[in-house]
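Single-letter residue listing:
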Amino acid sequence: MTAHWRNPVGTLLGVFVVGVAVLVALLLIRTYTLAETKRVWLDKGALEAELTQEEREQLLEALKGAIRIPTVSFSETEQNNTALAEFGQYIRKAFPLVFSSSLIQHEVVGGYSHLFTVRGSDNNLQPYMLLAHFDVVPATPEGWEVPPFSGEEHNGFIYGRGTIDDKNCVIGILQALEFLLKRGYKPRRSFYIGFGHDEEISGNYGAMKIVETLQSRGIRLSYLLDEGFAVLDGVIHGTRRPVALIGTTEKGQITLNLSVEKPPGHSSMPPRQTSIGILSEAMSRLEKNPMPNMFGNGPESSTFEDLAGEFVFPLNIVMANLWLFSPIVSRIMEQTPSGNAFVRTTTALSIFNAGIKSNVIPPIARAIVNFRLHPAHTVEEVLNIVRNTIMDEQVVLSVVKAFDPLPVSPYDEENFGYQTLKRTIHHVYSAAPVAPGVCVGNTDSRHFVNLTDSIYRFSPIVMKPEDLSRIHGLNERISKEGLEAIVQFYYQLIQNSDSEKVPGPHHIPEEL
Ligand SMILES: N[C@@H](Cc1ccccc1)C(=O)O
Ligand SMILES: CCCCCC(=O)O
Ligand SMILES: [Zn+2]
Ligand SMILES: [Zn+2]
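What counts, and where the lines are drawn
Residues numbered from 1 in each chain as written. Chains lettered and ligands numbered in written order. Predicted model: local features only at pLDDT ≥ 70, side-chain atom pairs only at ≥ 80, totals over all residues. Heavy atoms only, no water. Disulfide = S-S within 2.5 Å. Buried < 20%, exposed > 50% of the residue type's maximum accessible area, 1.4 Å probe, protein only. Domains from an automatic or database assignment. Contact = heavy atoms within 4.5 Å. Buried area = accessible area lost by both parts, 1.4 Å probe. Salt bridge = Lys/Arg side-chain N within 4 Å of Asp/Glu carboxyl O. Polar contact = N/O pair within 3.5 Å; in protein donor to acceptor, adjacent residues only side chain to side chain. Helix = DSSP H or I, 4+ residues; strand = E, 2+ residues; numbered from the N terminus. Nonpolar A, V, L, I, M, F, W, Y, C, P; charged D, E, K, R; others polar. Donors = N, O, S within 2.8 Å, 3.2 Å for Na, K, Ca; no water. Tetrahedral: all angles 85-135°; square planar, octahedral: opposite > 155°, others 65-115°. UniProt positions renumbered as here; feature names shortened; annotations may be inferred. Core = buried A, V, L, I, M, F, W, Y, C linked by side-chain atoms within 4.5 Å. Expected span 1.5 Å × (residues − 1). Near = heavy atom within 4 Å. Phe/Tyr/Trp six-rings, centres within 6.5 Å; stacked < 30°, edge-to-face > 60°. Lys NZ or Arg CZ within 6 Å of the ring centre and 35° of its normal. Patch = residues over 30% accessible without salt bridge, like charges linked within 9 Å, V, L, I, M, F, W, Y side chains within 5 Å. Areas by Shrake-Rupley, 256 points an atom, 1.4 Å probe, with all protein chains shown as cover.

**Some words on the state of the cysteines**
Phase 1 of the analysis: Inspection of the entire model under this criterion finds 0 disulfides.
Phase 2 of the analysis: Unpaired in terms of disulfides, cysteine 169 finds its nearest cysteine sulfur in cysteine 439, a separation of 12 Å.
Phase 3 of the analysis: A residue is classified by how much of its surface remains accessible, and cysteine 169, at 1% relative accessible area, is buried.

Right, here's the structure in full:
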């Protein structure tokens, strides 16, 4: 018994080997336990929308017509109001059953937004809401394969500003309802449909007015679905198949104005630094000093743990054990713009204006920086970091708009909204696994926090890595099959929402 104490190296080695074996066992047990509990399930589900060829054509034309109306939000104060009004006329013509049904009340709210009340037969069921927006960000033809407001088809895709964000959902919701009414469908659970006309510039006159209208009627919602995440195909590195992320919260935001004022003068006798130079240095400091890595301090961890089983070996073990591996995972994620958005509060230098004439010293330089706050950050904390990074009294800061990260919506097995979305996603997107996530973009849904705690950000579209840059970027497009899947999704979601509560889970057989 005393012999091995004479050999401390052997003992240490023995302890190390046993320790490693225990750690590996722990990693594997957690990996395969998580994978087991997160399997998808299917039940009988809702009727499929078997579209005729004529209906398929009708759907394509409906979106093309919507894209051709340039409902652009140019800035916080300037919109194409003529196009916003024209869009209202357009949908009336394109969806006659929706606008003539005795089950549906339609109202124009805030000047150009639309609110539909669809009356169900069972008043005991709490209503839900489908939200989307029809205003779009600007787009000029440079760099587009197809002019951005032509709505032309190209290689099986419909191109145009708004085909992903967010006219695809506006038309998808209306077309699904039109097809349901055509087939004699009558809802059990009442629901609202809201289309905002100023989402891209804060939603204060669209979504906010819809909220005020519903609040004045004492409405509470079972759940609300807005744009946001999607079915991600190859976007999350290492996933073996498409995965659907449902935004259960969204990041906060600060739109910050920076300005430097200096006396004007003749450019032949310039000061050591002009307002442009001073502001440029401050902006560069912000860009070169990213906000701290917050990965693992917010709900983003549950995204990867819930999807652990979807990753290839050995990533599946890594993702199931973020308690050990999150520093490595976050270092890898911050290498790409979309991954970095999960890891920290992001800093985007988006506007820079200065100068009045080439031979005049610029009296003022102005810039805008757009921060999207990680769920573990607050507006106050980020502003303090910004002040400490700029460290220059000449730079004047003023907050244009700011809000903290949104509350996390429930996503447990009993939550009707989340589980109904999950059930519908499984049917329409061939049992794609579903997980909760932090929506890095902001949406109108943040205005509805007093009407429901169950707010979800999910657009029924499949996004590949190259599609992310199309949002607010070049060559925004959607495939014809993708558009049909959107209609299919809402067609089934509306029916699935007629259930009284979450149907019991049925595990799909292994062979599927
Ligand atoms: N959805 C757009 C516009 C927006 C900004 C801020 C709040 C809400 C919406 C974005 O995320 O940039
Ligand atoms: C895809 C995420 C969209 C964010 C909201 C917007 O830009 O309209
Ligand atoms: Zn947008
Ligand atoms: Zn949008």
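**A short note on the domain arrangement of the protein chain**
Phase 1 of the analysis: When its domains are assigned, the protein chain resolves into domain 1 (53–247 + 406–502) and domain 2 (250–403).
Phase 2 of the analysis: Summarising the inter-unit geometry, the C-alpha centres of domain 1 and domain 2 are found 29 Å apart.
Phase 3 of the analysis: Listed by partner, the interface residues are 29 residues for domain 1 and 23 residues for domain 2.
Phase 4 of the analysis: When domain 1 packs against domain 2, close to 2,200 Å² is buried across both sides, 60% of that on carbon and sulfur atoms.
Phase 5 of the analysis: Inspection of the region where domain 1 meets domain 2 yields 3 salt bridges.
Phase 6 of the analysis: At the boundary of domain 1 and domain 2, one finds 15 residue pairs in polar contact (both at pLDDT 80 or more).
Phase 7 of the analysis: Only β10 (243–250) and β17 (434–439) provide two or more residues apiece to the side of domain 1 that touches domain 2.
Phase 8 of the analysis: Of the residues forming the side of domain 1 that touches domain 2, the biggest block, 5 residues, is contributed by β17.
Phase 9 of the analysis: Classifying every residue of the side of domain 1 that touches domain 2 gives 15 nonpolar, 9 polar and 5 charged.

**Regarding the coordination of the zinc ion (ligand 4)**
Phase 1 of the analysis: The zinc ion (ligand 4) binds to the protein through His133 (NE2), Asp165 (OD), Glu227 (OE) and Glu227 (OE), with metal-donor distances spanning 1.9 to 2.5 Å.
Phase 2 of the analysis: Each donor residue of the zinc ion (ligand 4) belongs to the same chain, and together they define the spacing H-x31-D-x61-E.
Phase 3 of the analysis: A separation of 3.4 Å is found between the zinc ion (ligand 4) and the zinc ion (ligand 3), which are bridged by aspartate 165. Of this pair, aspartate 165 sits in the loop between β7 (157–159) and α5 (167–182) while glutamate 227 sits in strand β9 (residues 224–232); the two residues are 62 residues apart in sequence, bridging distant segments of the chain.

**Let's talk about the coordination of the zinc ion (ligand 3)**
Phase 1 of the analysis: Listed as protein donors to the zinc ion (ligand 3) are Asp165 (OD), Glu200 (OE), Glu200 (OE) and His472 (NE2); their distances from the metal cover 1.9 to 2.8 Å.
Phase 2 of the analysis: The site at the zinc ion (ligand 3) holds 6 donor atoms, and with the angles between them running 52 to 154°, its shape is irregular.
Phase 3 of the analysis: In primary sequence terms, the donor set of the zinc ion (ligand 3) follows D-x34-E-x271-H.
Phase 4 of the analysis: Accessibility expressed as a relative area gives 8% for aspartate 165, which makes it buried.

**Remarks on the UniProt feature "transmembrane region" (unreviewed entry) in the protein chain**
Phase 1 of the analysis: On the UniProt side, "transmembrane region" (unreviewed entry) is annotated at positions that read residues 12–29 here.
Phase 2 of the analysis: Across residues 12–29, the secondary structure splits into 100% helix and 0% strand, with the terminal C-alpha atoms separated by 26 Å.

**Some thoughts on the nonpolar core**
Phase 1 of the analysis: Core analysis: the biggest nonpolar cluster contains 92 residues, and Phe195, Leu225, Phe304, Phe489 and Tyr490 have the highest contact counts within it.
Phase 2 of the analysis: The element contributing the most residues to this core is α5, with 10 residues.
Phase 3 of the analysis: When residues of this core are assigned to domains, at least three fall in each of domain 1 (53–247 + 406–502) and domain 2 (250–403).
Phase 4 of the analysis: For phenylalanine 304, the contacting residues outside a window of four places in its chain are Ile236, Phe295, Phe311, Met319, Leu322, Met333 and Phe342.
Phase 5 of the analysis: Residues Ile254, Ile278, Met291 and Ala367 belong to the second largest nonpolar core, which totals 21 residues.

**Notes on helix α13 (residues 416–428)**
Phase 1 of the analysis: When the terminal C-alpha atoms of α13 are compared, their 18 Å separation across 13 residues agrees well with the 18 Å that a helix rising 1.5 Å per residue should span.
Phase 2 of the analysis: In terms of burial, α13 is a largely internal element, 12 of the 13 residues being buried.
Phase 3 of the analysis: The set of residues buried in α13 consists of Phe416, Gly417, Tyr418, Gln419, Thr420, Leu421, Lys422, Arg423, Thr424, Ile425, His426 and Val428.
Phase 4 of the analysis: Looking at the buried positions of α13, the neighbouring elements they touch are β9, β10, β17, β18 (455–463) and α15 (480–496).
Phase 5 of the analysis: Near the N-terminus of α13, the side chain that reaches the backbone nitrogen of glycine 417, with its oxygen 3.1 Å away, is that of asparagine 415.
Phase 6 of the analysis: Note on α13: the residue one or two positions beyond its end, serine 430, has a positive phi of about 35°.

**Concerning the site of ligand 1**
Phase 1 of the analysis: Looking at ligand 1, the residues that line it are Glu199, Glu200, Gln253, Arg372, Lys401, Phe403, Gly441, Asn442, Thr443 and Arg446.
Phase 2 of the analysis: One nitrogen or oxygen atom from the side chain of glutamate 199 is found 2.6 Å from a nitrogen atom belonging to ligand 1.
Phase 3 of the analysis: Within the contact set of ligand 1, an oxygen atom lies 2.7 Å away from a side-chain nitrogen or oxygen of arginine 372.
Phase 4 of the analysis: A domain split of the shell around ligand 1 shows at least three residues from each of domain 1 (53–247 + 406–502) and domain 2 (250–403).

**Things to note about the packing of aromatic side chains**
Phase 1 of the analysis: Tallied over the entire structure, the rule returns 14 aromatic pairs.
Phase 2 of the analysis: With a centroid separation of 5.0 Å and an interplanar angle of 15°, the aromatic rings of tyrosine 128 and phenylalanine 191 are classed as stacked. Of this pair, tyrosine 128 sits in strand β5 (residues 128–133) while phenylalanine 191 sits in strand β8 (residues 191–196); the two residues are 63 residues apart in sequence, bridging distant segments of the chain. Each of the two residues, tyrosine 128 as well as phenylalanine 191, counts as buried.
Phase 3 of the analysis: Here phenylalanine 229 and phenylalanine 342 contribute two aromatic rings whose centre-to-centre distance is 6.1 Å and whose plane-to-plane angle is 20°, an arrangement assigned as stacked. With phenylalanine 229 in strand β9 and phenylalanine 342 in helix α11 (residues 337–343), the pair connects residues that are 113 residues apart, well separated along the chain. Neither residue differs from the other here; phenylalanine 229 and phenylalanine 342 are each classed as buried.
Phase 4 of the analysis: Feature note: the residues Tyr128, Phe191, Tyr223 and Phe416 constitute an aromatic cluster, connected by ring pairs.
Phase 5 of the analysis: Between arginine 189 and the ring centre of phenylalanine 416, over which it is positioned, the NZ or CZ distance is 4.2 Å.
Phase 6 of the analysis: Just above the ring of phenylalanine 157 sits the side chain of arginine 477; from NZ or CZ to the centre is 3.7 Å.

**Notes on a nonpolar patch on the surface**
Phase 1 of the analysis: Taken together, the side chains of Leu13, Phe16, Val17, Val20, Val24, Leu28, Tyr32 and Phe313 define a hydrophobic patch exposed on the protein surface, amounting to about 800 Å² of accessible area.
Phase 2 of the analysis: With respect to the secondary-structure elements, leucine 28 resides in helix α1 (residues 8–37).

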